[in-house]
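An overview of the molecular structure
Here is what each chain is made of, one letter per residue.
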Amino acid sequence: MKIRQYNDSDQEALEKFMEVMYAFRGLTFDPDHLHLDLRRIPSTYQEPGGQFWIIADNDAVIGTVGVKILDSHERIGEIKRFFVLSEYHGRGLGRELMGTAINFARERNLKKIRLDTGRQAIKALSIFRKYGFYEIQRYNDNEHAEIFMELDIEAKIEG
């Protein structure tokens, strides 16, 4: 299992993974509307200067994370779609994904990266805090998000 950048051949496996992840959270995966970014990874993440990664076990996606550019002038990015299948928890995959995203943000000279999440994401919150994310005021209109966080890349040397 190795982290690698998303490519178009991953789309079917990615959507199967997202169906499982959203169902686990009691939500419906909606790739035609609410989660349309997952059908437009090149134009939403990669072409504007961000990136999207997956971890696969054989051909099945088991983890994801993206860095989306929120404000290129202010050099602010956003962590998106940070998920690891529950049966793979405890193996350090979430830390690897987050480390990959933060290193990418640093290499792209982003000043800050933000994220939003729910209170039920206890393991993810632990990882975010380990990497130095701190809570901030709401910065978007995601009706499912309860917690908003930010990491000052310039102040955070190690993860």
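See the structure printed just above.
Residues numbered from 1 in each chain as written. Predicted model: local features only at pLDDT ≥ 70, side-chain atom pairs only at ≥ 80, totals over all residues. Heavy atoms only, no water.

The helix and strand tally for the chain stands at four helices and seven strands. Along its sequence from the N terminus, the chain presents helices and strands in the succession β-α-α-β-β-β-α-β-α-β-β. For a compact globule of 159 residues, the expected C-alpha radius of gyration is about 15 Å, and the chain comes in at 15 Å, within 12% of that figure. Along the first, second and third principal axes, the C-alpha atoms of the chain reach 35 × 30 × 30 Å. Counting every position in the chain, which comprises 159 residues, the buried fraction comes to 47%. Taking as baseline every contact in the chain between residues at least 6 positions apart, the subset at least 24 positions apart corresponds to 60%. (Helix = DSSP H or I, 4+ residues; strand = E, 2+ residues; numbered from the N terminus. Rg over C-alpha atoms; globule rule 2.2 N^0.38 Å. Buried < 20%, exposed > 50% of the residue type's maximum accessible area, 1.4 Å probe, protein only. Contact = heavy atoms within 4.5 Å.)

Glancing now at the side chain of H35. Here H35 lies in the loop between α1 (11-24) and α2 (41-46). For H35, a relative accessible area of 4% translates into the label buried. What H35 contacts, discounting residues up to four positions off in sequence, is Y22, T28, F29, D30 and R81.

Let us look at unusual backbone geometry. Negative phi values dominate among residues other than glycine, just as trans dominates among peptide bonds. Not every positive phi belongs to a glycine, and N58 is a case in point at roughly 60°. As for its placement among the helices and strands, N58 is situated in the loop between β2 (51-57) and β3 (60-71). The phi dihedral of R81 is positive, around 50°, even though this residue is not glycine.

Topologically, E78 is positioned in strand β4 (residues 76-84). Here E78 is buried and forms no salt bridge, its nearest opposite-charge partner K80 lying at an N-O distance of 4.2 Å. In this structure the side chain of E78 is engaged in a polar contact, spanning 2.6 Å, whose partner is the side chain of Y139. (Lys, Arg positive; Asp, Glu negative; His and termini not counted. Salt bridge = Lys/Arg side-chain N within 4 Å of Asp/Glu carboxyl O. Polar contact = N/O pair within 3.5 Å; in protein donor to acceptor, adjacent residues only side chain to side chain.)

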